[in-house]
Amino acid sequence: LDGFEDAFAGLYRTAYRVAYVIVGQRADAEDIAAETMARACERWRKVECYAEPWTVRVAGNLAVDAVRRRARMQPIAAAPTIAEPLDRVDLQRALSRLPRRQREVVVLRFIGDQPETTVAEVLGIGLGTVKSHAARGLTALRLDLADG
Amino acid sequence: MTADELAHLEDPDPPVADAGLLTAVRARARRRRQRRRLAVAGSVAAAAVLLGATALIVHDSARPAPLVVSAGDPAPEDAPEGDVARCFPLVTGSRPDGVARPATPRAVDVPSWPARLPALLVLSADGDVWVVDDGRATPWAPRSRAGGVRYLWARWDGDGTVLASRWVEGAVVIDRVTASGAVQVVRFAYTVAAAAPPGVCPIEGKLATFAVSPGGVTYLEHSSVWDHSCPPSLPTEPSTTEDPWRCRSKEATYGAVFTDATGATRAATQRGSMAGAFGHVAADASGSDVIAMAFGDAPPGLQLDQPMGAPCCVIAPPTASAVSISPTGARLASTPDGHGVVVTNTSDPSSGLQLWREDRSVLGTASTQEQLVVATDAGFAVGLPMLPRTVAKGPFHTDLGPILGLAPTACMDLASEEITARPTG
C-alpha cells in the first residue's frame, strides 16, 4: 500500500466533499467517504495512478445510491420536513434520474471538478463521448431543475 | 454548472482525516476482504454454475492472424439488475455479488497443448476472452482501467478476429476483439416492457448470444409477453379472465435476425419460436447456418435449426449442455449428464454415442472436422480420431492438475463427418 497513507487525507477530503454535496448529511457523507477509502485501500495498486477521479466516481455513485435508498423510504418530493435547501433536493432528484454514464460524467466533471481528459481516462471512454455526455447530462439536469 | 456554483452545498466544516480515521478505514477494508472470502467459501455449490458459464469455441479454419485495431478499450460496465439480469444469465451467473474478479489476466503456457490444433477461443467465467494457440493462452483485449469489460458471449469471425457481446445499460453491444484491443461494432438497444410480469426476462430486443456463419451473424430476439394461439377452453379449464396467461406467454424467444457484421438486417424470421421460454444460442456451425438453441433450466433443452434455411435437423439430444456443432452442421457434441462426451449425427437422433467420460465436470466442447476439444475445470482434453486423447493443462484452474482419462473408442469418417463405428469398450 505504498502511497495510500500519504494520499489518504486528500482523497478522504475529496470523497467527503462529493458525498456531502449530493447527500447533504454529515453522517451519511462520512460513511460514504469511509467506504470509498476502504475500497481504495483494497485495490490501491490498481487505482493509485488515477486515485482522485476514481475517488470522485465511487463516492458519487455511493452517494446517489444512498439518495435513492432514502427516497424509497421517504420520497424526496414529499419530504418538506427535511431542513434542506431546495437546490440540493433538486440536485439529488435530477442526478438520480440521469443514466448512469451521464451521471458519472456530470459528477466527475462538475462536482468533482475533474478535467475532461481525466474523466475520459477514468471512465475509459473517448474525449468526445465525455463532452457529449457532459452536455446532455447538464441539459437534462437544467431541464429537471427548471421543472422544479 | 461548475464546482464553484455548487460551493454553497459543501460542508463549511468538513471532518479532518486523521490517523484514527485511517486506522478505521483500514479495518473496514479488512472486513470487506473477509466478507469476500466468506462469500467465496460459501459458494462452492454455485461454482459449478459459475464454471458452466464458460463458453468454448474452436476456430476451424486457418489460424487467426491478429488484426491490429487502433482504438481504446471498451468502457467498463456494471451488471444488469433485477429481472433484467435474467436476460443475461452468463454474466450474472459468473460471480457471486461482492466477489472481485481476479487480477488482470496474463498470458500463460498450456503444457501438452497439441501441435497443429487450430487456435482455441475461450470465454472465461469472468468474461475474459482468451485464445489458446501454440501452447500458450493469451488474454485478448485485456481489461484495463477501472472495472474492465465482462463479455457474455464470443465467436470467431471469418477474418480471425472475435466478435464478443457485452451488456451496457439498455443495450447489447458487440465488439470486435483482437489481441491488441477491442472496438465496438454495433449497439442493439432494448426496451424493458412495462407489462412484463415479475420473474421473467422483461426485455424486448436482441439477446447477447449470437451465431456466426459464412453469410453473417444470427441473433435471437426476445419478447416479454407473447400472445399465442388459444384453443377453445374446456368447461373445466379457467377462462382467460380467470387466467390471463391462458392464451399468452410471459416471455418468448421468438425468432432470429440475420445481419451482416455491422448489424444491418439482411433477413428476419420467426422460426425457432420458443413461446414461454427464455432461450439463447448454445452453439453454431462455422461452415453452415445450423445453430443449436438452448432453453429452460439446467440441463437446458436443445433445439437445432437453420433459421434462414430449409427446415433442418432433429432435436437431439433433448437435453444437454456444453454443446458444439461441427463445421458442416452434421455432427453435434455435448454432454447430457455433465461428464460423458457424446457425439450425435444431427440427421439421426438415435446415432448418439459416448466417446469418453470425464471425471471432472465438462464445461464446454468445441468441434472441428477432425478434433473435438473438451474443457473441464481441470484443463482441456483434445480428442483426435483413432488416437488417445491428449490432456492439456489449462490456464484457469492450474491447481487441480491434468486429467488422465479413457482413450476414445469411436471412429469418425472424416469425409462425411458421420459416426461410422460404435465404441468397442
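Caption draft 1: How the structure looks around the side chain of Arg28 of chain B. When you line up the elements, Arg28 of chain B lands in helix α1 (residues 19-41). For Arg28 of chain B, the side chain forms a polar contact with the side chain of Asp31 of chain A, separated by 3.0 Å. Contact partners of Arg28 of chain B, with chain neighbours within four places excluded, come to Asp31, Ala34, Glu35 and Ala38 of chain A.

Caption draft 2: Examining the environment of Glu221 of chain B more closely. Residue and element names in this part refer to chain B. Among the structural elements, Glu221 can be located in strand β12 (residues 216-223). By relative accessible area, Glu221 is classed as buried at 13%. Along the chain, Glu221 and Ala268 lie 47 residues apart, while their C-alpha atoms are 9.9 Å from each other. Side chain to side chain, Glu221 and Lys206 meet in a polar contact 3.2 Å long.

Caption draft 3: How the structure looks around the pattern of salt bridges. Under the criterion given, the structure shown has 18 salt bridges over all chains. Arg28 of chain B is the partner of Glu35 of chain A in a salt bridge, and the nearest nitrogen-oxygen pair spans 2.9 Å. You can see Glu35 of chain A sitting in helix α2 (residues 26-42) and its partner Arg28 of chain B sitting in helix α1, one on each of two chains. Exposure remark for Arg28 of chain B: the relative accessible area of 18% places this residue in the buried category. Close ionic contact of Glu104 of chain A with Arg57 of chain A constitutes a salt bridge, the shortest N to O distance being 3.3 Å. Taken together, the residues span a long stretch of sequence, with Glu104 of chain A in helix α6 (residues 100-111) and Arg57 of chain A in helix α4 (residues 51-73) at a distance of 47 residues. Judged by its relative accessible area of 4%, Glu104 of chain A falls in the buried class. Look at the salt bridges and you will find they share partners, linking Asp31, Glu35 and Arg39 of chain A together with Arg28 of chain B into a network.

Caption draft 4: Spotlight on the sheet that holds strand β19 (residues 291-295) of chain B. All names here are of chain B. One open sheet holds the 3 strands; their spatial order is β18-β19-β20, and the pairing between them is antiparallel. Pairing within the sheet leaves two strands with one partner each, and these edge strands are β18 (279-284) and β20 (301-305). The mean angle between the axes of side-by-side strands here comes to 30 degrees, regardless of whether they run parallel or antiparallel. When β19 meets β20, the two strands line up antiparallel, connected through 5 bridges. Bridging across to β20, Ala292 finds its partner in Leu304.

Thresholds applied
Per chain, residue numbering runs from 1 following the sequence as it is written. Numbering of ligands from 1 and lettering of chains from A proceed in the order in which they are written. Local features are withheld for residues below a pLDDT of 70 in this predicted model, meaning they are given only at 70 or higher, and side-chain atom pairs are given and counted only at 80 or more; totals for whole chains, interfaces and linings count all residues. Processing note: side-chain calculations cover all non-hydrogen atoms of the structure and skip hydrogens and water entirely. A run of H or I in DSSP counts as a helix once it spans at least four residues, and a run of E counts as a strand once it spans at least two, with each numbered from the N terminus. Under this definition, polar contacts are N or O atom pairs within 3.5 Å; protein pairs additionally need one hydrogen-donor-capable and one acceptor-capable atom, and for neighbouring residues in sequence, both atoms have to be side-chain atoms. We call two residues in contact when some of their heavy atoms are within 4.5 Å. Throughout this description, buried means an accessible area under 20% of the type-specific maximum (1.4 Å probe, protein chains only), exposed means over 50%, and partly exposed covers the range between. Salt bridges, as used here, are contacts in which a Lys or Arg side-chain nitrogen is within 4 Å of a carboxyl oxygen on Asp or Glu. Strands are labelled as partners when DSSP assigns at least two bridges between them. To get an axis, fit a line to the C-alpha atoms, keeping to the stretch in contact for a helix; angles then go from 0 to 180 degrees between the N-to-C directions.

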